Amino acid sequence: MMLSLLHDNLDYLLWGNLTRGQPGGLLLTLGISLAAGVLATLGGLVGGIALCMGGPRLCRVLNTLVQILRAIPVLMLIFWCYFLLPILFGIDIPGVLTVIAALAVINAAYLSQSVKAGIDAIGDGQWRAAQALGMTRWQALRYIILPPALRAMLPSFVNQWITLLKDSSLAYVVGVAEFTFVATQINNREQVYPLQIFGLLAIGYLLLCSTLEWLGRRAGRMPA
Amino acid sequence: MTPPSWLGQGWLAPHYLGWLLQGAAMTAALALCVCLSATVLGVLLTAAQDSKQRWLQWPARLFCSLHRNTPLLVQVLLWYFGVGGLLPDQAMQWLNSPHQLALPLGLNLSWPSFEWLAAWIALSWYSACFISGELAAGLRTVGSGQRLAGRALGMSEWQIFRFIVLPQALRHIRQPLLGQYTAIIKNTSLTMAIGVAELSYTSRQVESETLLAFQAFAVATLLYLLLVIATQLAGSRRSAEEPGR
Amino acid sequence: MKTTSLLLALTLLGTAGHALADRLDDIKKAGVLRVAAFDSNPPFGFLDAQTHQISGLDVEVAQAIAKKLQVKLELVPTNPANRIPLLVAGKADLVAANFTVTDERKKQVDFSLPYFASGQQFIARKGSLSKPEQLAGLRVGVDKGTTQEIYLREKYSKTTVVAYDDTPLAFTALRNGNVQAISQDGSKLAALLANAPDKAKYELAPFTLTREYQAIGLPKGEARLTKAVNDTLVELEKSGQARKIYDRWFGPKTKAPLPRDFKIGDAA
């Protein structure tokens, strides 16, 4: 039974209707995660550096924003971005993009705090040594502080990327045809194999996230 | 006061606000139960991973990596729709019919619905793995010399863990732990997929009945913010009271 | 600073609502009609096992409308609860998803002429549900955001209503014993049951609670688009196409035959 279930649906689960120009399934999950991951990483770096280098007023605004974003469930945030922003601003953004935006923003908020913590962890002595060498604050950040700080931050970045990959499953609430959504569609059609279908779904994510975790661990062990 | 046109027709009637408050209460109750059980389970998982016994270490590690590396939503669906189908009919019937446990003082504790149970188990197991991750990080801050000292005093592995390592580690992980508790509050929102009447579920319910999407979600978002802020305030108050911190 | 930008945003909000272009012109200009349709509710809208495309009765009606407007059809998969938000947020031009006409919904969206009629029914284990009075004390599964959910909660206060994202998921809950019955449009339930591999264990309860009419949902105030949709529907009935579509999904040769007791244009 499991075999014919797999045989009939595997291509749809893996890449949706790609042949008709509508990527979906695991492929879309990867696409969403990659795009949101890159954006979140950049946003997190910029936010974290701003938290360290910016004035007190900028920091207060950023901190409030981060606190609010961290207090709202991702599900609610996706909902806001998808249904309510168009009503509020009269602009329509495609579903995939809203999900990418929501995931990028919320993960950037988390990452900016990790970046800030990573920079703070580098001792004051380093800053002062750089200053003694005649470097500006920005030069010190770029050449002295960031290189070791980024290496130390890698584990928390990897963790955040894994979280993001898992959270992309929430796109299912707004009907974006990613891995989880496609699996519920198949489950709804087949009706009597929820354990098998959701089990397969779990294994798919498990493979992806474990690979990411393993890659992160390998990169962490590499010499600088 | 009439709302602007883009808000739709009118504000939420008081009894819909009541529904949302009920949803928030359900979210709070579920989150509280999960926090308690996940913390206990998290400590056990950490102790198992920390132990020298292979047969304890490996299953605990496997359990954690399985749960950490799959989306919570998938786990919730798997528990409710998948595992629910595996249970024998009689068990399911018993689980779904009302039961009451009479407590002293005339209180009655009613058996929760299967939705609630599935949500509680899924959330507890998932969160326990993250809590155990934070605990393990906290444990690493306790030097191995202290463990050796404990052994020299003739303490057992469990005693060393319980009386030397854990109290110190707990102090280090108060903030991360608080972060996990807020994550639990937010994660309860996923259980709307299996029909648990928590805050996200009731906000959709209010939305479908009044068709005032903006208002319903704004109130729900606000209530989530309040719950999370209350948790954080309670947590930081506690750590401020802590002597020697 | 923060307050000014907030004010600015609010002013923008106020104006956004007024800048209404005619949707029909937009559709023709884009060359695409975006229709929200079910992806998990045979025979109205479901994912075809072979083609992995959404097909069904609602989809064929949508195809006819797109053909009439001479534009390409783009289907947006939806579950019951997302139908109105999709329309209000402008994510879809029309909703063709077994959409029941109600006064409450008319405040948010417009409706075309009804093209389908059915009533609220129940699926339960064989022999366990035969009259409405038995609903008291039962746990009944429904879909989030449907008229059935609202009706049961209002009229049957002793029934515990549990809402799921879609009817097949509610059916799974019934199978697992989490609910003792599920409620939906009779036509939808008949088809769901016909497609169930274990249909021998369940039956459609022999009573109907309400009479409901299903129509195409449209954004508010789009008179020209509404007229185009209505004209198409009337033409479908006149040309006999409407009956053909109906018979393809509910005719005597289908898995869940249902006599056609409503024609487009009948008084609703």
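Source: prediction; values computed, not measured.

Cut-offs applied
- Residues numbered from 1 in each chain as written.
- Chains lettered and ligands numbered in written order.
- Predicted model: local features only at pLDDT ≥ 70, side-chain atom pairs only at ≥ 80, totals over all residues.
- Heavy atoms only, no water.
- Contact = heavy atoms within 4.5 Å.
- Buried area = accessible area lost by both parts, 1.4 Å probe.
- Polar contact = N/O pair within 3.5 Å; in protein donor to acceptor, adjacent residues only side chain to side chain.
- Helix = DSSP H or I, 4+ residues; strand = E, 2+ residues; numbered from the N terminus.
- Nonpolar A, V, L, I, M, F, W, Y, C, P; charged D, E, K, R; others polar.
- Domains from an automatic or database assignment.
- Salt bridge = Lys/Arg side-chain N within 4 Å of Asp/Glu carboxyl O.
- 1 Å grid on protein atoms, 1.4 Å probe; cavity = no way out; pocket = protein on both sides within 12 Å on 5 of 7 lines; lining within 4 Å.
- Points joined across faces, edges and corners; volume = space filled by probe spheres on them.
- Buried < 20%, exposed > 50% of the residue type's maximum accessible area, 1.4 Å probe, protein only.
- Pairing = 2+ DSSP bridges.
- Patch = residues over 30% accessible without salt bridge, like charges linked within 9 Å, V, L, I, M, F, W, Y side chains within 5 Å.
- Areas by Shrake-Rupley, 256 points an atom, 1.4 Å probe, with all protein chains shown as cover.
- Phe/Tyr/Trp six-rings, centres within 6.5 Å; stacked < 30°, edge-to-face > 60°.
- UniProt positions renumbered as here; feature names shortened; annotations may be inferred.
- pLDDT = per-residue confidence, 0-100.
- Axes fitted to C-alpha atoms, helices over the stretch in contact; angles between N-to-C directions.

### Focus: the interface of chain A and chain B
- At the junction of the two partners, chain A supplies 34 residues and chain B supplies 35 residues.
- Interface of chain A and chain B: buried area, both sides summed, is about 2,900 Å²; carbon and sulfur atoms make up 76% of it.
- Here chain A is connected to chain B by 7 residue pairs in polar contact (both at pLDDT 80 or more).
- A per-element tally of the side of chain A that touches chain B places helix H9 (residues 194–221) of chain A first, with 11 residues.
- Classifying every residue of the side of chain A that touches chain B gives 24 nonpolar, 7 polar and 3 charged.

### Here we look at the domain arrangement of chain C
All names here are of chain C.
- One can read the domain layout of chain C as domain 1 (22–118 + 213–250) and domain 2 (120–204).
- The straight-line distance from the C-alpha centre of domain 1 to that of domain 2 is 25 Å.
- Listed by partner, the interface residues are 19 residues for domain 1 and 15 residues for domain 2.
- Regarding the contact of domain 1 and domain 2, the summed buried area is about 1,200 Å², with carbon and sulfur atoms giving 52% of it.
- There are 0 salt bridges connecting domain 1 and domain 2.
- Every element with two or more residues in the side of domain 1 that touches domain 2 is listed here: strand S2 (40–41), strand S6 (94–100) and strand S7 (110–118).
- Taken together, the residues that form the side of domain 1 that touches domain 2 break down as 8 nonpolar, 8 polar and 3 charged.

### A word on empty space enclosed by the protein
- Taken as a whole, this structure holds 6 cavities of 30 Å³ or more when the rule is applied.
- Estimated volume of the largest cavity: approximately 230 Å³.
- Every element with two or more residues in the lining of the largest cavity is listed here: helix H8 (179–190) of chain A together with strand S5 (72–78) of chain C.
- It is H8 of chain A that provides the largest number of residues to the lining of the largest cavity, a total of 4 residues.
- When its residues are assigned to classes, the lining of the largest cavity shows 12 nonpolar, 9 polar and 5 charged.
- Each of domain 1 (22–118 + 213–250) and domain 2 (120–204) of chain C accounts for three or more of the residues forming the lining of the largest cavity.
- Considering only enclosed or pocket space, the second largest cavity measures out at about 90 Å³ in volume.
- In terms of lining, the second largest cavity is formed by Leu57, Val61, Tyr115, Phe116, Leu233, Leu236, Ala242, Ile245, Tyr246, Arg260 and Ile264 of chain C.

### Overview of the pattern of salt bridges
- Counted under the stated rule, the structure contains 24 salt bridges over all chains.
- Between Glu157 of chain B and Arg151 of chain B there is a salt bridge; the shortest N-O distance is 3.3 Å.
- Classification of Glu157 of chain B as partly exposed rests on a relative accessible area of 37%.
- One salt bridge connects Asp143 of chain C with Lys188 of chain C, and the closest N-O pair in it is separated by 3.9 Å.

### Digging into the pairing of S7 of chain C
Residue and element names in this part refer to chain C.
- Of all 9 residues that make up S7, 8 are buried, and the element is covered over most of its length.
- Where S7 and strand S13 (residues 212–218) come together, 6 bridges link them in antiparallel fashion. By the bridge assignment for S13, Phe116 is matched with Gln214.

### Brief notes about helix H8 (residues 186–195) of chain C
- Among the 10 residues that make up H8 of chain C, 9 are buried, leaving the element largely enclosed by the rest of the structure.
- Turning to H8 of chain C, its buried residues are Gly186, Ser187, Lys188, Leu189, Ala190, Ala191, Leu192, Leu193 and Ala194 of chain C.

### Some words on a nonpolar patch on the surface
- A cluster of nonpolar side chains, namely Trp15, Leu18 and Leu27 of chain A, defines an oily patch on the protein surface of about 270 Å² accessible area.
- Position of Trp15 of chain A among the secondary structure elements: in helix H1 (residues 2–15).

### Concerning the packing of aromatic side chains
- Scanning the model with the defined rule gives 26 aromatic pairs over all chains in all.
- Ring centres 4.7 Å apart and planes at 35° place the aromatic pair Phe79 of chain A and Phe217 of chain B in the tilted group. Separated into two different chains, Phe79 of chain A in helix H4 (residues 74–89) and Phe217 of chain B in helix H10 (residues 213–241) make up a pair that spans both.
- Phe217 of chain B sits in the buried class, given a relative accessible area of 3%.

### Notes on the interface of chain C and chain A
- Contacts between chain C and chain A engage 31 residues on the former and 30 residues on the latter.
- Both sides together, the interface formed by chain C and chain A hides about 2,500 Å², and carbon and sulfur atoms give 54% of it.
- Here chain C and chain A share 0 salt bridges between them.
- Across the chain C-chain A interface, the total number found is 10 residue pairs in polar contact (both at pLDDT 80 or more).
- Top contributing element to the side of chain C that touches chain A by residue count: helix H7 (residues 167–176) of chain C, with 5 residues.
- Looking at the side of chain C that touches chain A, its residues break down into 15 nonpolar, 8 polar and 8 charged.

### Quick word on the UniProt feature "domain: Ionotropic glutamate receptor C-terminal" (unreviewed entry) in chain C
- Under the local residue numbering, the UniProt record ascribes the feature "domain: Ionotropic glutamate receptor C-terminal" (unreviewed entry) to residues 32–252 of chain C.
- Helix makes up 35% of residues 32–252 of chain C and strand 31%, and the two end C-alpha atoms of the span are 35 Å apart.

### Side note on the confidence of the model for chain B
- A residue-level look at chain B finds 89% of positions with pLDDT of 70 or above and a mean pLDDT of 86.
- The least confident element of chain B, judged by mean pLDDT, is strand S2 (residues 108–110) of chain B at 67; the most confident is helix H1 (residues 14–50) of chain B at 94.

### A few points about the sheet that holds strand S12 (residues 202–204) of chain C
Residue and element names in this part refer to chain C.
- Taken in spatial order, the 5 strands line up as S10-S9-S11-S8-S12 in an open sheet, and their pairing is mixed. The strands lining the two open edges of the sheet, one partner per strand, are strand S10 (160–164) and S12. Averaged over all pairs of adjacent strands, the angle between their axes in this sheet comes to 30°, without regard to strand direction.
- Note that strand S9 (residues 139–143) and S10 share 5 bridges and pair parallel. Of the residues in S10, the one forming a bridge with Asp143 is Tyr164.

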